[in-house]
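Chains, contacts and geometry: an overview
The primary structure of each chain is shown beneath.
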Amino acid sequence: MAVLVPEIQIFNAIKTILAFIKKDFDAHVNEQDTLLYRLCGENQLQRYNFFEQAKAVFLAKEDNPRFLDVNVFFNLERASIPTIHITLPAEQSDKDGLGIDEGYRGIQETKGMGGEDEQAPNYTRRFGTQFQLIVTSDNSNEVVLIYHLLRAILIPVIDHFNMVGLENIKLSGRDIQNMNTIVPTHIFMRAIGIALEYEVTVESLFPEDVITKIALEFSVLQDPPSGNEAIQPGPTIP
């Protein structure tokens, strides 16, 4: 079985969310029936109308210089335009079983180098981790908009994460103070935290041949004693 890579699941989920927002908006004649409007409502930050600005941010096409995209790791080259960066600040072991959970995920059946059937126990370790979705832009209002809309729409996606092996999801968030020596001062950043647990299962490196049959050797005693006869002891081995 392939090793579970949380970054892939998170990346694919966010890209699907962004694509779904566009598809949903195009499918409705009345803008007030769209998911984007239902998420934004009448929210307004001074003159910054969330819905009107959300259309500019979330519906931008790929040829738009300010197209909202997703990156694994922090991409400094895109920090000044609306971007979601997937980062991994910390990871640790979590709630492991006894030993190395041998057989917890069953037995892996493979073919040996000679074509013979082999089987190997699976070993499993559990990890607790905290991913951050860092939202960046040179417009602070855009960061606030993307942060709140993305965090909101991640809530119904938790069921999907559970089905693909990302469990016990907890969402959080915070502002990030950038390092002036690395990130320009005009870049604004806010992070959505995704705390989760997941398991990594790997087959043993030392498989064994599969037992296909068992040969039993036995002998038949001639004239076995009846139930009333005492069994004579055999010869003593010196």
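Up top is the structure.
Parameters and conventions
- All residue numbers refer to positions counted from 1 along the written sequence of the respective chain.
- Only residues with pLDDT of at least 70 are given local features in this predicted model, and only at 80 or more are side-chain atom pairs given and counted; all residues enter the totals for whole chains, interfaces and linings.
- Computation of side-chain values covers all heavy atoms of the structure but excludes hydrogens and water.
- Put simply, a nonpolar core is a bunch of buried Ala, Val, Leu, Ile, Met, Phe, Trp, Tyr and Cys residues held in one set by side-chain atoms that sit within 4.5 Å of each other.
- Relative accessibility under 20% of the residue-type maximum defines a buried residue, over 50% an exposed one, and the middle range a partly exposed one, all with a 1.4 Å probe and only protein chains included.
- Secondary structure is summarised from DSSP: a helix means a run of H or I of at least four residues, a strand means a run of E of at least two, and numbering begins at the N terminus for each.
- It only takes one pair of heavy atoms within 4.5 Å for two residues to be counted as in contact.
- Pairing between strands is defined by DSSP: at least two bridges between the two strands are required.
- Lines fitted to C-alpha atoms define the axes here, with helix axes fitted over just the stretch in contact, and angles between the N-to-C directions of these axes take values from 0 to 180 degrees.
- In these notes the angle categories are as follows: under 35 degrees is roughly parallel, over 145 is roughly antiparallel, 65 to 115 is roughly perpendicular, and the rest is oblique.
- In this classification, Asp, Glu, Lys and Arg are treated as charged, Ala, Val, Leu, Ile, Met, Phe, Trp, Tyr, Cys and Pro as nonpolar, and every other residue, Gly included, as polar.
- Counted as salt bridges are all cases of a side-chain nitrogen of Lys or Arg within 4 Å of a carboxyl oxygen of Asp or Glu.
- Each pair of aromatic rings taken from Phe, Tyr and Trp, with Trp reduced to its six-membered ring, is defined by centres within 6.5 Å and is described as stacked if the planes are under 30 degrees apart, edge-to-face if over 60, and tilted in the remaining cases.
- Counted as over-ring charges are cases with an Arg CZ or a Lys NZ within 6 Å of the ring centre that also lie within 35 degrees of the ring normal.
- The span expected for a helix works out to 1.5 Å for each residue beyond the first.
- The reported arc concerns the directions from the helix axis to the C-beta atoms and nothing else.
- The term polar contact refers here to a pair of N or O atoms within 3.5 Å; inside protein, the definition further demands a hydrogen-donor-capable atom paired with an acceptor-capable atom, and it admits residues adjacent in sequence only when both atoms are side-chain atoms.

What about the nonpolar core?
Counting residues in each nonpolar core, the largest one holds 43 residues, and the members touching the most others are I10, I14, F58 and L133. When residues of this core are traced back to their parent elements, those giving at least two are helix 1 (6-27), helix 2 (35-40), helix 3 (50-58), strand 4 (83-93), strand 6 (117-137), helix 4 (140-154) and strand 8 (188-203). Per element, the largest residue contribution to this core is nine residues, and it comes from helix 4. Among residues more than four places away in sequence, those in contact with L133 are I10, I14, I84, H85, I86, L150, L154, R190, A191, I192 and I194.

As for the pairing of strand 8
Burial analysis of strand 8 places 13 of its 16 residues in the buried class, which makes it a mostly covered element. Taken together, the 16 bridges between strand 6 and strand 8 define a ladder with antiparallel strand orientation. Bridging from a neighbouring strand, V135 pairs with R190 of strand 8. In the sheet, strand 7 (residues 167-175) pairs with strand 8 via seven bridges, with the strands oriented antiparallel.

As for the packing of helix 3 against helix 4
To characterise two packed helices, one gives the angle between the axes of the helices and the distance between these axes. Interhelical geometry of helix 3 versus helix 4 gives an angle of 85° and a closest axis separation of 10 Å. The angle between helix 3 and helix 4 places the two elements in the roughly perpendicular class. Counting all contacts with helix 3, which are made through F50, Q53, A54, V57 and F58, the residues of helix 4 involved are E142, V144, L145, I146 and L149. Considered class by class, the residues forming the contact of helix 3 with helix 4 number eight nonpolar, one polar and one charged.

What about the pattern of salt bridges?
Taken as a whole, this structure holds nine salt bridges when the rule is applied. The shortest N-O distance in the salt bridge between R66 and E142 comes to 2.7 Å. With R66 in the loop between helix 3 and strand 3 (69-72) and E142 in helix 4, this residue pair connects regions lying 76 residues apart in the sequence. What makes R66 partly exposed here is its relative accessible area of 28%. Accessibility expressed as a relative area gives 10% for E142, which makes it buried. Residue E199 pairs with R126 through a salt bridge whose shortest N-O separation is 3.0 Å.

As for the packing of aromatic side chains
Applying the stated criterion across every chain, the model contains three aromatic pairs. An angle of 85° between the planes, with centres 6.1 Å apart, marks the rings of Y48 and F50 as edge-to-face. Directly above the ring of Y147 sits R190, whose terminal nitrogen or CZ lies 5.0 Å from the centroid.

Considering unusual backbone geometry
Look at Q46: it is not a glycine, yet its phi comes out positive at around 55°. Within the element layout of this structure, Q46 appears in the loop between strand 1 (44-45) and strand 2 (48-49). Positive phi values are uncommon outside glycine, yet N168 reaches one of about 55°. With respect to the element layout, N168 can be found in strand 7.

A closer look at the environment of I153
If you trace the backbone, I153 turns up in helix 4. The spatial distance from the C-alpha of I153 to the C-alpha of L39 is 8.3 Å, given a sequence separation of 114 residues. Ignoring any residue separated from it by four or fewer positions in sequence, one finds I153 in contact with I17, I21, L35 and L39.

A look at helix 1
Between the first and last C-alpha of helix 1 there are 31 Å, a value that for 22 residues agrees with the 32 Å anticipated at 1.5 Å per step. Looking at helix 1, one finds that the buried residues are P6, I10, A13, I14, I17, L18, I21, D24 and F25. For helix 1, the angular spread of buried residues about the axis comes to 130°, placing them on one side. Opposite its buried face, helix 1 presents the exposed residues T16, K23, D26 and A27, each directed more than 90 degrees away.

Here's the deal with helix 4
In this model, helix 4 (15 residues) spans 21 Å end to end at C-alpha, consistent with the 21 Å of a helix rising 1.5 Å per residue. One side-chain oxygen at the N-terminal end of helix 4 lies 2.9 Å from the backbone nitrogen of N141; it belongs to N139.

Looking at the pairing of strand 6
Of all 21 residues in strand 6, 15 are buried; the element is thus mostly enclosed. As paired strands, strand 4 and strand 6 are joined by nine bridges and run antiparallel to one another. Residue A90 lies in a different strand from strand 6, and its bridge partner there is Q130.

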